[in-house]
Amino acid sequence: MKTRRVLARLLILFIVLIGLAGGTGWYFLSGSLARLDGDVTVHGLSAPVTLERDARGTLTVEGRDRRDVAWALGYAHGQDRFFQMDLMRRLSAGELAALVGSKAVDVDMGHRVHRMRDVAHRAYEALPGDQRALINAYRDGVNAGLGALRVRPWEYLLLRQSPQPWTGEDTLLVLGAMYLDLNEDGTNRRERDISRLRAALPPALADALLAPDPLWEAPLDGSRSPDVPLPDASTIDLRATTTVAALSPAPLPEFPGSNSFAVGGSLTTDGHALVANDMHLGLRVPDIWYRARLRYPDPTAPGGTRDLNGVTLPGTPVLVAGSNGQVAWAFTNSFGDWMDFVRVHRDAADPTRYDSPDGPERFKVHDEVIEVAGGESRHLKVEETRWGPLVEPDTDGTPLALSWIAHDPRAFNLNLMRMEHVTDVSQALDVGPTAGMPPQNLLAGDSQGHVGWTIIGNAIPLRDGPDGTWRGIASPDRYPRLVDPADGRLWTANNRTVGGDALALLGNGGHDLGARARQIRDDLRARDRFAPADMLAIQTDDRAVFLTRWQGLLQETLAKDTSGSLATLRRLTATWGGRADPSSVDYRLVRTFRQNVREAVLAPFIARTKARFPAFEWPRAALAEAAIWRMLHERPMNLLDPRWKDWDDLLLGAARKTADDLGKLPGGLEARSWGEVNTAHIAHPLSAALPGWLAHYLDMPAEPLPGDTDMPRVQAPSFGASERFGISPGHEDRSYLELPGGQSGHPLSPFHGAGHDDWVHGRATPLLPGATEHRLRLTP
C-alpha cells in the first residue's frame, strides 16, 4: 500500500511538472506573437497609424504620409517576420554561421567574398536623403516592433541567440540577398562550366550542345535563333575511340522560372488592362512575400488617397509588385548576363600586384572574419581587383576576377517606389533604368488599357572596355521597350525576349528553353476576351505540351521491343493524358524516359569534360534540347556513345532503365504517379532541427502538387509560385492574390498557413483585404 501511495504521488508530481513545463513553454512561445489589437504608444510617428488585419492576415496600414506608413510597416514586419529578415541580411553578408553555427560556414565563405555588407554600407551612404530617411523610419519601426514583443521571436529561443537590431544598411542587404537568389548565388557557375565544356570539346560540338532551340522560343519581338548543325565525323567521332562513359552522369538539372503576362484593354471586358504574375522562388514557411495594403493621402491619386495593394518584401518598406490603383506591375527574372570573369595576370616579381590597362596595381586585401556560433572563427582572405574579387582560376590556371553588378553600390536604391505614383504604362517603364535592383522583366498595364514591357534595373553593363571588360552602364535610351503590341498581348517566362542589338546589350545569362513562354503565348492567343479568372487558368495550366513529342517517341521506341519486357511500360504510356497531374502515371513515365535519354546522349560529352575538369557540372539552362532532338532523328553515328550499337539501342536502353528503376519500387510501374515525387515540402528553415511530430505542425502539409517545369504551372516540392496574382488596375476589387505558406511563420498565429490551401488548389483569393478582424492603433 505504501509503495502504491509513493507511486501515486510521483505520478501526480510528474503530471504537475509536465503541466508547469507546458505552461512555461506556452508562455514563452506565445510571447513572441505579434500584437494584433489595441492601442500602443510609440516614438517615431508624426500622427496615429492603424494596422488592420483580415482573416488571412492581410495587413492594411493607413497613415498620415508615406514615412509614417513605412514606420508602421516596419513595426508589423519586425513582429511577424524578423527571423526571416535576419536570415536574408545574414545570407547576403555571409554572417549566417554566427547565428546557426558551423553548418553555415561554407555558405558564408562563398558569400563573404563579395563583401556585401561593405557594398550595402556604401550604397546606403550614397542614397538620396529622402530614401535614406524612409529607410531609417522603416528601421525604427522594425526595432520598435521587435522590442515590443514580450519574448524574442521563438526561433531565437531555439537557437539560444538574441536578435540584433535592424540597421539602415540591412535593408539593402535584403536586396543583396535577392541578387544572390536571382544571379546564380553570385558564382557565375554557368559561365565557368561553359568555358570548361568549350575547353574539352571541339568548338562545333560545343556550339551545337549550347544552342537554343528555335522551335520552342517565343520572344516578344518575333526574332528567331539560328539552327546550329551537328558536327560530322571529321570534327569528332566517338566510335573511333574506346573511351566510354563508364557511369551515368548525375541527373541533369531542370530549369525553373517565373511568369508574367498582360493583355490590353481591347481584350478585356472593362477596357482596363490585366496583368498576371507568378514569381517562382524557393518555397518556405512563411512565404518570402508579405501581403499588404498601404494607404496615405496623396492629391495626385484617385480620390486623393494613394491605395497600394500587393506584396511587400520584409526587410524593405517597398511594395514590390502589385497595383497603385492606376498601374499594375509584375516581374520575372530576365536572365541577362550580369556577371563576367576577367583574367588577371599577377606580377611575377611582386605577387601583391597585378596588370591593369593603366599599369601595375596593388590588390586590395581584406581579412574577412567568419564568426561561428559555438565554434572558432574562420578567416577568409579576399584579394580585390578593379574588376572585382579573385575567385577560382580559369581552365588554364590563370586567376579570375568576378565582375558582378551587385558589387556596385549604384545597383542598390529604392527607386522602385516610384511605381507607387506612376499614372500610366509609359511612366512605369521610365522607372526601369533608374531602379537599383536585380535586372528583371518589367511588365505593366494601366487603367486606360495600355500594356508595356522593358527591363528594370539600373546597372546593365557596357562591355566595351579592353578585352570585353565593363566600361560604364547603359543609358536609359539603350533599354529595349515594347508598348501596346498590335495583338494586345505580352508575356515573359525567363525566356529570351528580344534579339539583335537588344540581346547583345542584355546578354544571355541562362535563358529558359522557351517552352513555358510559348505555351503562355499560345494560351493568350487562344482567347479574344479576358477576365481575371482567365489569367489564373493560364497560371495553373499544367498541360505537358512540351513532353507530347517525347510520348510519341517513347511509343515508337517500345514498338521495336521484341523482348516483351517493356509491355507494361508501353501499355501505361499508350494513352497520353498530357498533364502533370498528381495522379498521372503516364506523365511521370514519359518524363523519366526523356531524362534517361538526355543522360544517355550527353554522357560521353560530360565524361570527356569531367576527365579534364572533375568539378564540371552541366551548365544551368543549357538543356541541349535542339541538339538532342536532332541527334535522335538524324542519328549521326559519330555522336553516339560506343556503349550503344545504334540509336534504337540507346532509346530502348533508356526505356528499360525507366521500367527497371521505377518498376522495382513497391506497387510496380502502375503505382508510379507524378504526385509520389512531386509532393510539397514547404518547410520552416528550422523545422529540420525539430522532432518530426513537431515539425509537422510548423510546416505546410506534404500533399501532392500538380505542375512541373516547361509548363506555366511550374512546381517542385520546394519551388514554385511564391505568389500568383491577376490585377485589373482600377478594379482591384475584381483582382486576386494567392500566397503559399501563410502570412506568419509563428505556429500559434491565426495566420500561419492562412491562404495556403487556396494556393494549392488554384482558387482565387481576393487581392483586397476582407473584413477587418483585428485592429491595432499606433499613437505617437
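Here the structure is a predicted model, which means the values were calculated and not measured.

Some details on a nonpolar patch on the surface
Turning to step 1, where the next piece is worked out: Taken together, the side chains of Trp693, Leu694 and Tyr697 present a nonpolar region at the surface, about 390 Å² in accessible area.
Turning to step 2, where the next piece is worked out: Positionally, Trp693 belongs in helix α21 (residues 692–698).

Considering empty space enclosed by the protein
Turning to step 1, where the next piece is worked out: This structure, assessed with the given rule, holds 6 cavities of 30 Å³ or more.
Turning to step 2, where the next piece is worked out: Reported here for the largest cavity is a volume of approximately 370 Å³.
Turning to step 3, where the next piece is worked out: Contributing to the lining of the largest cavity are 25 residues, with Leu175, Met178, Val320, Leu416 and Met437 lying nearest its centre.
Turning to step 4, where the next piece is worked out: Of the residues forming the lining of the largest cavity, the biggest block, 5 residues, is contributed by helix α9 (residues 168–182).
Turning to step 5, where the next piece is worked out: Looking at the lining of the largest cavity residue by residue, the class counts come to 16 nonpolar, 9 polar and no charged.
Turning to step 6, where the next piece is worked out: Surrounding the second largest cavity, 11 residues form its lining, Leu547, Tyr587, Asp708, Thr709 and Asp710 being those nearest its centre.
Turning to step 7, where the next piece is worked out: Its residues placed into classes, the lining of the second largest cavity shows 5 nonpolar, 1 polar and 5 charged.

Regarding helix α2 (residues 66–80)
Turning to step 1, where the next piece is worked out: Compared with the 21 Å implied by 1.5 Å per residue over 15 residues, the 21 Å span of α2 between its first and last C-alpha is a close match.
Turning to step 2, where the next piece is worked out: Of all 15 residues that make up α2, 14 are buried, and the element is covered over most of its length.
Turning to step 3, where the next piece is worked out: The N-cap residue of α2 is Asp65: its side-chain oxygen and the backbone nitrogen of Arg67 are 3.2 Å apart.

Topic: the packing of helix α18 (residues 585–612) against helix α19 (residues 625–634)
Turning to step 1, where the next piece is worked out: Following both chains from N to C, one finds α18 and α19 inclined at 95°, their axes separated by 11 Å at the closest point. One element, α18, and the other, α19, form an angle in the roughly perpendicular class. Where α18 approaches α19, its residues Arg594, Val597, Arg598, Val601, Leu602 and Phe605 are matched on the opposing element by Glu625, Ile628, Met631 and Leu632.
Turning to step 2, where the next piece is worked out: Split by residue class, the contact of α18 with α19 holds 7 nonpolar, no polar and 3 charged.

Side note on the confidence of the model for the chain
The predicted coordinates ought not to be read in detail in places where the model reports low pLDDT.
Turning to step 1, where the next piece is worked out: This prediction gives the chain a mean pLDDT of 94; 95% of its residues lie at or above 70.
Turning to step 2, where the next piece is worked out: The model gives residues 4–20 a pLDDT under 50, and that stretch makes 0 contacts with residues more than four places away or in other chains.
Turning to step 3, where the next piece is worked out: Overall, residues 246–250 carries pLDDT values under 50, and its contacts beyond four positions in sequence, including any with other chains, amount to 6 contacts.

A look at the layout of surface pockets
Turning to step 1, where the next piece is worked out: Taken as a whole, the largest pocket encloses approximately 830 Å³ of empty space.
Turning to step 2, where the next piece is worked out: Taken together, 41 residues line the largest pocket, and the ones lying closest to its centre are Gln84, Leu87, Arg284, Pro286 and Pro685.
Turning to step 3, where the next piece is worked out: Taken together, the elements giving at least two residues each to the lining of the largest pocket come down to α2, α3 (82–93), α8 (154–159), α9 and β6 (280–282).
Turning to step 4, where the next piece is worked out: Among the elements that take part in the lining of the largest pocket, α3 stands out by supplying 6 residues, more than any other.
Turning to step 5, where the next piece is worked out: Along the lines of polarity and charge, the residues of the lining of the largest pocket split into 23 nonpolar, 11 polar and 7 charged.
Turning to step 6, where the next piece is worked out: Each pocket or cavity is described by its volume, and for the second largest pocket that value is around 630 Å³.
Turning to step 7, where the next piece is worked out: Around the second largest pocket, the lining comprises 31 residues; the ones closest to its centre are Thr385, Arg386, Trp387, Gly388 and His407.
Turning to step 8, where the next piece is worked out: If you list the elements that add at least two residues to the lining of the second largest pocket, you get α6 (116–126), β13 (361–362), β14 (364–370), β15 (378–384) and β16 (400–404).
Turning to step 9, where the next piece is worked out: Considering every element that reaches the lining of the second largest pocket, the biggest residue donor is α6, with 3 residues.

A word on the sheet that holds strand β24 (residues 736–738)
Turning to step 1, where the next piece is worked out: The strand order across the open sheet built from 5 strands is β20-β4-β5-β23-β24, with neighbouring strands paired in antiparallel fashion. Two strands lie at the open edges of the sheet, namely β20 (489–492) and β24, each paired on one side alone. Across the sheet, the mean angle from the axis of one strand to that of its neighbour is 5°, orientation sign disregarded.
Turning to step 2, where the next piece is worked out: When strand β4 (residues 259–263) meets strand β5 (residues 274–278), the two strands line up antiparallel, connected through 5 bridges.

Here we look at the packing of aromatic side chains
Turning to step 1, where the next piece is worked out: Taken as a whole and judged by the stated rule, the model has 14 aromatic pairs.
Turning to step 2, where the next piece is worked out: Where Phe83 meets Tyr156, the ring centres are 5.5 Å apart and the plane angle is 85°; that geometry is what we call edge-to-face. Of this pair, Phe83 sits in helix α3 while Tyr156 sits in helix α8, placing them 73 residues apart in sequence.
Turning to step 3, where the next piece is worked out: Residue classification places Tyr156 among the buried positions, given a relative accessible area of 0%.
Turning to step 4, where the next piece is worked out: With centroids separated by 6.4 Å and ring planes inclined at 70°, the aromatic side chains of Trp550 and Phe593 adopt a geometry described as edge-to-face. With Trp550 in helix α16 (residues 548–558) and Phe593 in helix α18, this residue pair connects regions lying 43 residues apart in the sequence.
Turning to step 5, where the next piece is worked out: The exposure class assigned to Trp550 is buried, which follows from its relative accessible area of 0%.
Turning to step 6, where the next piece is worked out: Among the aromatic residues, those joined into a ring-pair cluster are Phe82, Phe83, Tyr156 and Trp166.

Description of the pattern of salt bridges
Turning to step 1, where the next piece is worked out: Overall, the coordinates contain 60 salt bridges when judged by the stated rule.
Turning to step 2, where the next piece is worked out: A salt bridge links Asp298 to Arg306, with the nearest nitrogen and oxygen atoms 3.1 Å apart. The exposure classification of Asp298 matches that of Arg306, with both residues buried.
Turning to step 3, where the next piece is worked out: A salt bridge links Glu670 to Arg571, with the shortest nitrogen-to-oxygen separation between them at 3.0 Å. Within this pair, whereas Glu670 is found in the loop between α20 (647–663) and α21, its partner Arg571 is found in helix α17 (residues 567–574), the two being separated by 99 residues in sequence.

Parameters at a glance
- Residues numbered from 1 in each chain as written.
- Predicted model: local features only at pLDDT ≥ 70, side-chain atom pairs only at ≥ 80, totals over all residues.
- Heavy atoms only, no water.
- Patch = residues over 30% accessible without salt bridge, like charges linked within 9 Å, V, L, I, M, F, W, Y side chains within 5 Å.
- Areas by Shrake-Rupley, 256 points an atom, 1.4 Å probe, with all protein chains shown as cover.
- Salt bridge = Lys/Arg side-chain N within 4 Å of Asp/Glu carboxyl O.
- Helix = DSSP H or I, 4+ residues; strand = E, 2+ residues; numbered from the N terminus.
- 1 Å grid on protein atoms, 1.4 Å probe; cavity = no way out; pocket = protein on both sides within 12 Å on 5 of 7 lines; lining within 4 Å.
- Points joined across faces, edges and corners; volume = space filled by probe spheres on them.
- Nonpolar A, V, L, I, M, F, W, Y, C, P; charged D, E, K, R; others polar.
- Expected span 1.5 Å × (residues − 1).
- Buried < 20%, exposed > 50% of the residue type's maximum accessible area, 1.4 Å probe, protein only.
- Polar contact = N/O pair within 3.5 Å; in protein donor to acceptor, adjacent residues only side chain to side chain.
- Axes fitted to C-alpha atoms, helices over the stretch in contact; angles between N-to-C directions.
- Parallel < 35°, antiparallel > 145°, perpendicular 65-115°, else oblique.
- Contact = heavy atoms within 4.5 Å.
- pLDDT = per-residue confidence, 0-100.
- Pairing = 2+ DSSP bridges.
- Phe/Tyr/Trp six-rings, centres within 6.5 Å; stacked < 30°, edge-to-face > 60°.

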